[in-house]
Amino acid sequence: IVQASANAAMEARVMADIGWAELFQAAEMSAVIRLAVANNLDLKLASTRIEIFQAQSTAARSAYFPTVLGDFSTSPGSPAVSDNSYSLGAVLSWELDFFGKLRRGNEAARAELLASEDAARALMSTLVAATSSTYLSLRELDQERAITLANIASQEGSLELVRSLLGGGVASGAEEQQAI
């Protein structure tokens, strides 16, 4: 029993690693899924959120490094003497992380980034599943319609046959009623 559950877990993990384009081999269904993915506004919004959280994560990580501020200015001298003065200044600052404020900020930004990436993957999975399910249901309904139309044509053919037999005196009115 343990081996069977381990095999099932392995198959589930392997199945989860397969991309939807590889999983669904039907070209028409893959085209429909691609169209749904390309035009889904929620997915575009999730992608934008990932970019925002990536920028926030980078900004939080940059707090570990020193900050350099520079200033350069000139002041013209008197008009009689062409003596300009120049000044250059630089300030280097670095916040020490004694109590873990920077580390926790970095961890929080990273967690938000990972959460937004997972949300986007979940949204993508839901979209692909819903689109493929709808596509397969539509294909099933198309086949049911084709079968129904074939049954109608067969019934009409049978009715024509019984009516021609009835006209030839071989069939009875009861058989015609049964064919209807």
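Use the structure listed above.
Just so it is clear, the structure is predicted and the values come from calculations on it, not from any experiment.

### Regarding the packing of helix α4 (residues 41–62) against helix α5 (residues 101–167)
Right, on to step 1. Packing of α4 against α5 brings their axes to within 8 Å, and their N-to-C directions diverge by 165°. Looking at the two axes, α4 sits roughly antiparallel to α5. Remark: the crossing between α4 and α5 carries left-handed chirality. Here D42, L43, A46, R49, I50, F53, Q54, Q56, S57, A60 and R61 of α4 lie close against α5, whose contacting residues are G105, N106, A109, R110, E112, L113, S116, E117, A120, L123, M124 and L127.
Right, on to step 2. Residues of the contact of α4 with α5, tallied by class, amount to 11 nonpolar, 6 polar and 6 charged.

### Some details on α4
For the α-helix, the turn length of 3.6 residues means that residues three or four positions removed from each other point alike.
Right, on to step 1. Taking 1.5 Å of rise per residue, the 22 residues of α4 would be expected to cover 32 Å, and the 32 Å separating its terminal C-alpha atoms lies within 8% of that figure.
Right, on to step 2. Within the sequence span of α4, burial applies to L43, A46, I50, S57 and A60. Here the buried residues of α4 occupy an arc of 90° about the axis, which is enough to place them on one side. More than 90 degrees from the buried face of α4, the exposed residues found are L41 and E51.
Right, on to step 3. Where α4 is buried, its residues meet α3 (27–38) and α5.
Right, on to step 4. N-cap assignment for α4: the residue whose side-chain oxygen lies 3.0 Å from the backbone N of D42 is N40.

### Here we look at the nonpolar core
Among soluble globular proteins, nonpolar side chains are generally buried collectively.
Right, on to step 1. Counting 8 residues, the largest nonpolar core is built from F24, M29, I33, V37, L43, L127, V128 and Y135.
Right, on to step 2. Looking at this core, the elements that each hand over two or more residues are α3 and α5.
Right, on to step 3. Other than its neighbours up to four places away in sequence, M29 contacts F24, S132, Y135 and L136.

### Focus on a nonpolar patch on the surface
Right, on to step 1. A cluster of nonpolar side chains, F72, Y86 and L88, forms an exposed patch at the surface whose accessible area comes to about 420 Å².
Right, on to step 2. Here F72 lies in strand β1 (residues 67–75).

### Examining the pattern of salt bridges
Right, on to step 1. Counted under the stated rule, the structure contains 3 salt bridges.
Right, on to step 2. As a salt-bridge pair, E107 and R104 come within 3.2 Å of each other at their nearest N and O atoms. Taken together, the residues E107 and R104, both in helix α5 and 3 residues apart, mark about one turn of the helix.
Right, on to step 3. On the accessibility criterion, E107 (44% relative accessible area) is partly exposed.
Right, on to step 4. Look at R104 and you get partly exposed, because its relative accessible area is 47%.
Right, on to step 5. The salt bridge partner of R121 is D118, with a shortest N-O separation of 2.7 Å. Placement of both R121 and D118 in helix α5 is noted, with a separation of 3 residues, approximately one turn of the helix.
Right, on to step 6. Classification of D118 as partly exposed rests on a relative accessible area of 42%.

Conventions we followed
Counting of residues starts from 1 at the beginning of each chain's written sequence and follows it residue by residue. It should be noted that, the model being predicted, local features are given only for residues of pLDDT at least 70 and side-chain atom pairs only at 80 or more, the latter also being counted only at that level, while totals for whole chains, interfaces and linings use all residues. As a rule here, side-chain values cover all heavy atoms of the structure and leave hydrogens and water aside. Here an angle of 0 to 180 degrees is reported between the N-to-C directions of two axes, which are lines fitted to C-alpha atoms, with helices fitted over the stretch in contact. Labels follow the DSSP assignment, with helices taken as runs of H or I lasting at least four residues and strands as runs of E lasting at least two, numbered in each case from the N terminus. In these notes the angle categories are as follows: under 35 degrees is roughly parallel, over 145 is roughly antiparallel, 65 to 115 is roughly perpendicular, and the rest is oblique. The handedness criterion is simple: a crossing whose near helix is rotated anticlockwise from the far helix by less than a right angle is left-handed, and one whose near helix is rotated clockwise is right-handed. The contact rule is simple, with two residues in contact once any of their heavy atoms fall within 4.5 Å. Amino acids outside the nonpolar list (Ala, Val, Leu, Ile, Met, Phe, Trp, Tyr, Cys, Pro) and the charged list (Asp, Glu, Lys, Arg) are all regarded as polar, and Gly is one of them. Here the expected span of a helix is defined as 1.5 Å times the quantity of residues minus one. Think of it in three bands: residues with accessible area under 20% of the maximum for their type are buried, residues over 50% are exposed, and the middle band is partly exposed, with areas taken using a 1.4 Å probe on protein chains only. Read the arc as the range of directions from the helix axis to the C-beta atoms. Here a polar contact is recorded for every N or O atom pair within 3.5 Å, except that within protein the pair must consist of a potential hydrogen donor and a potential acceptor, and residues adjacent in sequence are included only if both atoms are side-chain atoms. In plain words, nonpolar cores are sets of buried Ala, Val, Leu, Ile, Met, Phe, Trp, Tyr and Cys residues tied together by side-chain atoms within 4.5 Å. Patch membership requires more than 30% relative accessible area and the absence of a salt bridge. Residues of like charge join within 9 Å; the nonpolar side chains Val, Leu, Ile, Met, Phe, Trp and Tyr join within 5 Å. To measure how exposed things are, a 1.4 Å probe is used in the Shrake-Rupley method; for residues, cover is taken only from the protein chains shown. Note on definitions: salt bridges are taken to be side-chain nitrogens of Lys or Arg within 4 Å of carboxyl oxygens of Asp or Glu.

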